[in-house]
Amino acid sequence: MPDLTRGPVLTGIVGIAAPLALANLLQQGYLLVDSAVVGQYVGVTGLAALGAAQPLYSILTSLFIGVSGAFTVRLGHLAGAGRRDDPSTLLALAACTGVWSALCAAVAVLAAEPLLALTGVTGEIAAEARTFVVTLCSGMVAVYALGAVCAVLTGRGDVRRATGLMIAASVLNAVLAWLFVGPWRLGMAGAALAVVASNALTAVVGLTRLVREQRRPRPAGVTAAAVRAEVWRGLRIGAPMAVQYLLIGVGVLVLVWIITPFGEEALAALTVVARLELLTSVLFLNLSGALMVFTAQNTGAGRTERVREGVRHSVWLGVALTALVSLLLLVGRGPIAALFSGSPETRLVTERYILITAPFFLCYTLTVVLHGWFNGITRTVVPLICTVASLGVVRLPLSYALGHAWGVDGIMWATVIGWAVGLGYTLLATRQAVTAPRAGPDEETGVTAQPDGRAVR
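No experiment lies behind these values; they were computed from the predicted model shown. (Residues numbered from 1 in each chain as written. Predicted model: local features only at pLDDT ≥ 70, side-chain atom pairs only at ≥ 80, totals over all residues. Heavy atoms only, no water.)

J.: I would appreciate a short explanation of empty space enclosed by the protein in the present structure.
T.: One water molecule sets the probe size; rolling that probe over the atoms shows where empty space is left. In total, this model carries three cavities of 30 Å³ or more according to the counting rule given. What the second largest cavity holds in volume is close to 110 Å³. Lining the second largest cavity are Leu276, Glu277, Thr280, Leu329, Tyr353, Ile354, Thr357, Ala358, Phe361 and Trp419. Broken down by secondary-structure element, the contributors of at least two residues to the lining of the second largest cavity are α9 (264-300) and α12 (344-357). Across the lining of the second largest cavity, the residue classes break down as seven nonpolar, two polar and one charged. (1 Å grid on protein atoms, 1.4 Å probe; cavity = no way out; pocket = protein on both sides within 12 Å on 5 of 7 lines; lining within 4 Å. Points joined across faces, edges and corners; volume = space filled by probe spheres on them. Helix = DSSP H or I, 4+ residues; strand = E, 2+ residues; numbered from the N terminus. Nonpolar A, V, L, I, M, F, W, Y, C, P; charged D, E, K, R; others polar.)

What follows is the structure, given as structure tokens:
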């Protein structure tokens, strides 16, 4: 497995980001295929149901995303400190995965319908959305198991194997989605079953290899107290990350409520736009994730100056990639919109969204890249506060106000303003963190980080 505490900095970061970006691009490609398949075989109602179901799914998975991210950071710290194979940490992650899978399924069955009612989605769209969420969450243990395996591999720096698993799941997802929704005519349940089946198969492969490779601990190496300590450590690091993702999910739910009065075509366009946002942000989210792992390992090794160099390289790489992605979106907005829907109204809204938001995409990308650094040093509260400010305080209220004043265009401009506020707060927090470095023992790694970058164990 690669050691990120040595070698060229940019090579190490790109070596993590590039494979993960490829895998996640394929995953987002599956989501686009899923949207296209549902749009073609189920129609605008199915596409709108996907848009209504997405925030519910995000809410239910937010805790696990935060906790798995925390364990990725924790495993990165251990790898940097020379403790790569810590069984207590792995067992703690397994316990969190199992417990939250069961809770997620229960909440989906009991709360999907009331939550959809709160958004104002009713009738056939609500019924289809509930079918999708309940079916998917009933098999969520498969999705979470694959996520846990990839978290372990990524935290150790073994991104090639994590990438292989994600690529396999994405390809299988696309094939099964077409088969279940198309020829087999299983509708929205088929779209959800495709996700569960593909993740289950790839998770079994990944878990089998991890179990075979894991070194057997000494008889006294694993205790219930040690596992509990790792669970609480992971929850402490991951709680702000989980709340951040939860707020994003709730925010999207509120946006559905805001957009629903504009009609089915606008809600369908929101689905397309949400998928496009996921696709275009993949490069930057994975650059952020790569910086997080790089930062975690080098923090564990006490190499703070190397961490600063990694941040500088990541920022400049993010700027270059943003320019390229924004240009491609602006030039190709017409064909992109036509790919998802034959409805002129839906296509017009999608094109308009790209035209308004793409020139300001740099605000978003710089924010998420810097958040990777904050997460890697376990200052996960900073991204949380940023989300509260940009989404909860700015974007959602402005979406409601500007939506009533200017229609759908007002909601788009609220997105841009929210990005700008998020970047402003993140830059302020970054300046404060850089000018006031922490010194003293790091309870996560056992390393004392000195202001001059030296490490004392």
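J.: Help me understand the confidence of the model for the protein, please; the structure alone is not making it clear to me.
T.: Regions with low pLDDT should not have their predicted coordinates read in detail. Put simply, the protein has an average pLDDT of 81, and 89% of its residues get 70 or more. Taken element by element, the protein is modelled with least confidence in strand β3 (residues 455-456), mean pLDDT 36, and with most confidence in helix α13 (residues 361-376), mean pLDDT 93. Across residues 439-457, where pLDDT falls below 50, the model places 48 contacts with residues more than four positions away in sequence or in other chains. (pLDDT = per-residue confidence, 0-100. Contact = heavy atoms within 4.5 Å.)

J.: Looking at this structure, how should I read the pattern of salt bridges?
T.: Think of it this way: side chains of opposite charge can pair up when their charged atoms draw near. Enumeration according to the criterion identifies seven salt bridges in this entry. The residue Arg308 makes a salt bridge to Glu305 at a minimum N-O spacing of 3.4 Å. One end of the pair is Arg308 and the other is Glu305, both in helix α10 (residues 304-331) and three residues apart, which spans about a single turn. Exposure remark for Arg308: the relative accessible area of 30% places this residue in the partly exposed category. The salt bridge involving Glu305 is made with Arg312; its shortest N-O contact spans 3.8 Å. Each of Arg74, Glu230 and Arg233 takes part in one network of salt bridges that share partners. (Salt bridge = Lys/Arg side-chain N within 4 Å of Asp/Glu carboxyl O. Buried < 20%, exposed > 50% of the residue type's maximum accessible area, 1.4 Å probe, protein only.)

J.: Sorry, what's going on with the side chain of Glu230 here?
T.: By the secondary structure assignment, Glu230 is in helix α8 (residues 224-259). Taking the relative accessible area as the measure of exposure, Glu230 reaches 6% and is therefore buried. Among all residues touching Glu230, those that are not within four sequence positions of it are Phe71, Arg74, Ser88, Thr89 and Ala92.

J.: How should the packing of aromatic side chains be read in this particular structure?
T.: Working definition: an aromatic ring pair is given by the centre-to-centre distance plus the angle between the planes. With the rule as written, the count across this model stands at nine aromatic pairs. Both rings, one in Phe180 and one in Trp184, keep their centres 5.3 Å apart while their planes meet at 25°; by these two values the pair is stacked. On the basis of relative accessible area, Phe180 is assigned to the buried category, the value being 11%. Ring centres of Phe360 and Trp413 lie 6.0 Å apart, and the angle between their planes is 65°; this geometry places the pair in the edge-to-face category. Note that Phe360 is positioned in the loop between α12 and α13 and Trp413 in helix α15 (residues 408-435), a separation of 53 residues in sequence. Classification of Trp413 by relative accessible area gives partly exposed; the value is 33%. One aromatic cluster is present, built from ring pairs that chain together Phe284, Phe361, Tyr364 and Trp419. (Phe/Tyr/Trp six-rings, centres within 6.5 Å; stacked < 30°, edge-to-face > 60°.)

J.: Please clarify how the nonpolar core should be interpreted in this entry.
T.: Taken as a class, soluble globular proteins show a tendency for nonpolar side chains to be buried jointly. Membership of the largest hydrophobic core comes to 94 residues, with the highest contact counts inside it found for Phe132, Val133 and Trp373. For this core, the leading source of residues is helix α2 (residues 44-80), giving 14 residues. The next biggest cluster of nonpolar side chains, apart from the first, holds 21 residues, and it includes Val272, Val273, Cys363 and Val416. (Core = buried A, V, L, I, M, F, W, Y, C linked by side-chain atoms within 4.5 Å.)

J.: Looking at this model, I keep getting lost on the packing of α2 against helix α4 (residues 123-138). Mind explaining?
T.: Axis angle and axis distance: for two packed helices, these are the angle between their axes and the distance between the axes, and together they describe the pair. Taken N-terminus to C-terminus, the directions of α2 and α4 make an angle of 45°; their axes are 8 Å apart at the nearest point. Judged on the interaxial angle alone, α4 and α2 are oblique. You can see that α2 and α4 cross each other, and the crossing is right-handed. The residues of α4 that touch α2, namely those facing Thr45, Ala48, Ala49, Leu50, Ala52, Ala53, Leu56, Tyr57 and Leu60, are Glu124, Ile125, Glu128, Ala129, Phe132, Val133, Leu136 and Cys137. Of the residues in the contact of α2 with α4, the class split is 14 nonpolar, one polar and two charged. (Axes fitted to C-alpha atoms, helices over the stretch in contact; angles between N-to-C directions. Parallel < 35°, antiparallel > 145°, perpendicular 65-115°, else oblique. Left-handed = near helix turned anticlockwise from the far one by under 90°.)

J.: Quick question: what am I supposed to make of α10 here?
T.: Between its terminal C-alpha atoms α10 stretches 41 Å, which fits the 40 Å expected from 28 residues at 1.5 Å a residue. Looking at α10, one finds that the buried residues are Arg306, Val307, Gly310, Val311, Ser314, Gly318, Thr322, Val325, Ser326 and Leu329. (Expected span 1.5 Å × (residues − 1).)

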